[in-house]
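# Remarks on the overall topology
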Amino acid sequence: MPEDVVITPDIKFVRELKKAGGDTLKKCFQCATCSVVCPISPDNKPFPRKEMFMAQWGMKDELAADPDIWLCHNCNDCSKYCPRGARPGDVLGAMRQKVIREKSVPAFMGNIVTDPKKTLVALAIPFVLFLAVLGLTGHLGIPSGDRIVYSKLFPIRYIEIIFMSAIALTGISYLISLSGFWIGISKQNRSYSRGFVSAFVETIIEVLTHKRFKKCGVNADRRTGHLLVFYAFLGLLITTIWVTYYYYVPKIDSPIPLTDPMKWLANLSALALIVGILLLIFNRTKDKGVNTKSSSFDWTFVVMILLLALTGILTEVIRLAGIASLAYPMYFTHLLFVFYTIVYFPYSKLAHMGYRTLAITYSRMTGRDIIL
Ligand code: SF4
Ligand code: SF4
């Protein structure tokens, strides 16, 4: 005889989910239409019906260890066909936000970055830090001289010390969060049909091609914007490594000429980022014939990335125009958004990259993956 399972509803968590964009979750009456129409859900233990059930009962720990909320690609086919207007696609989005916060190390960083109302606090941290460093090292104020050289305001070694230490700390935090997630999901099934490495490599190839997005019906054109943003970040990462190489090996000082291939890659990536984000914004606002709502968490992320790209482009354009009084403050502002994007990675929407990669890898290892 099966054992009785006792569920203690976590009402506070249900309220939080509703506030984070899952306000319709109580409308669900468990018909399972969503699990049938979801183009990404496997036949074996499909989603998102079971997640809707868990959300209604506030099963926070079970949701935190559920790989399926990360397999979801926000296609919204489920929301289109849900007969109750329960918007399961949005509810799953709210769950992902809550899991990112729950798994954040340290927890207060998750509370700050995942709460859109605390975005100014999140930006105030690098603002105060940068001002303190510039003040203590005598670099406050617009540097003199006709030529605009950003390292005169913020010497590269200071930037590297601040960013490298912050990235090292948050990188370790992210690894702790991801390991906790992996331990949680792997407790559910220990019979693997294949090993981690081959499943992981296949997942990385899939991420590079965004193949799974092609399965979406309602939200199929989100793929282009998502792909552009993904490759823009990859390009900017390569650029950062390239600049560091220039600085330390051939000791080329900034500003690097526009004719340098590194600059081409940087500018192309910034352009791809702007186009990609604008496409994502357009996709969110256009009428897709389905009732969905973007959460303020999603909007905050999109706006932050747009500001990152715009301040980056303006930093270059104003420098080329030779307006020092605008160029240095713009560079300072751009660094705030760079800090927000890179250092807060484990607590922002970007954190989904690690969770989703592990969830897809796990679904492959357990033989639950769909044919792409
Ligand atoms: S979310 Fe909608 S489609 Fe899915 S089980 Fe609930 S009522 Fe049915
Ligand atoms: S949003 Fe898309 S991927 Fe997610 S559960 Fe609904 S149909 Fe499936």
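Model, not experiment: these values are computed from the prediction.

## Examining the layout of surface pockets
Looking at the second largest pocket, its volume works out to about 360 Å³. Where the lining of the second largest pocket is concerned, the elements lending two or more residues are helix H1 (11-22), helix H7 (88-102) and helix H15 (296-321). Of the residues that constitute the lining of the second largest pocket, the class distribution is 3 nonpolar, 5 polar and 7 charged. For the lining of the second largest pocket, the two domains that each supply at least three residues are domain 1 (11-102) and domain 2 (107-365).

## A short note on the domain arrangement of the protein
Split into domains, the protein comes out as domain 1 (11-102) and domain 2 (107-365). The C-alpha-based centres of domain 1 and domain 2 are spaced at 27 Å. In this complex, domain 1 contributes 24 residues to the contact, which on the side of domain 2 involves 32 residues. Overall, the association of domain 1 and domain 2 removes approximately 2,600 Å² of surface from exposure, summing both partners, and the carbon and sulfur fraction of that is 61%. Ranking the residues of domain 1 by area buried against domain 2 places Trp70, His73 and Ile100 at the top, with a combined share of 26%. For the interface between domain 1 and domain 2, the tally reads 1 salt bridge. The salt bridge involving lysine 293 is made with aspartate 23; its shortest N-O contact spans 3.5 Å. Inspection of the domain 1/domain 2 interface yields 11 residue pairs in polar contact (both at pLDDT 80 or more). When residues of the side of domain 1 that touches domain 2 are traced back to their parent elements, those giving at least two are helix H5 (68-71), helix H6 (77-81) and H7. Among the elements that make up the side of domain 1 that touches domain 2, the one with the highest residue count is H7 (4 residues).

## A few points about the side chain of threonine 114
Mapped onto the secondary structure, threonine 114 falls in the loop between helix H8 (107-113) and helix H9 (119-136). Polar side-chain contacts of threonine 114 include one of 2.5 Å to the backbone oxygen of glycine 110. Non-local contacts of threonine 114, meaning those with residues more than four positions away in its chain, are made with Gln97, Ile100, Arg101, Phe297 and Tyr347.

## Some words on empty space enclosed by the protein
Taken as a whole and judged by the stated rule, the model has 4 cavities of 30 Å³ or more. By volume, the largest cavity amounts to about 90 Å³. Lining the largest cavity we find 15 residues, and of these Cys38, Cys72, Cys75, Asn76 and Cys78 sit closest to its centre. Secondary structure elements with two or more residues in the lining of the largest cavity: H6 and H7. The element contributing the most residues to the lining of the largest cavity is H7, with 3 residues. Taken together, the residues of the lining of the largest cavity sort by class into 10 nonpolar, 4 polar and 1 charged. For the second largest cavity, the calculated volume is near 70 Å³. Lining of the second largest cavity is provided by Cys28, Phe29, Gln30, Cys31, Ala32, Cys34, Arg49, Met52, Cys82, Arg84, Ala86 and Pro88. By residue class, the composition of the lining of the second largest cavity is 9 nonpolar, 1 polar and 2 charged.

## Regarding a nonpolar patch on the surface
Residues Ile204, Leu208, Tyr231, Leu234, Leu237, Ile238 and Ile241 make up a contiguous nonpolar surface patch of about 590 Å² in total accessible area. If you tally residues by element for the nonpolar patch, the top one is helix H13 (residues 222-248), at 5 residues. When you line up the elements, leucine 237 lands in helix H13.

Cut-offs and rules
Residues numbered from 1 in each chain as written. Chains lettered and ligands numbered in written order. Predicted model: local features only at pLDDT ≥ 70, side-chain atom pairs only at ≥ 80, totals over all residues. Heavy atoms only, no water. 1 Å grid on protein atoms, 1.4 Å probe; cavity = no way out; pocket = protein on both sides within 12 Å on 5 of 7 lines; lining within 4 Å. Points joined across faces, edges and corners; volume = space filled by probe spheres on them. Helix = DSSP H or I, 4+ residues; strand = E, 2+ residues; numbered from the N terminus. Nonpolar A, V, L, I, M, F, W, Y, C, P; charged D, E, K, R; others polar. Domains from an automatic or database assignment. Contact = heavy atoms within 4.5 Å. Buried area = accessible area lost by both parts, 1.4 Å probe. Salt bridge = Lys/Arg side-chain N within 4 Å of Asp/Glu carboxyl O. Polar contact = N/O pair within 3.5 Å; in protein donor to acceptor, adjacent residues only side chain to side chain. Patch = residues over 30% accessible without salt bridge, like charges linked within 9 Å, V, L, I, M, F, W, Y side chains within 5 Å. Areas by Shrake-Rupley, 256 points an atom, 1.4 Å probe, with all protein chains shown as cover.

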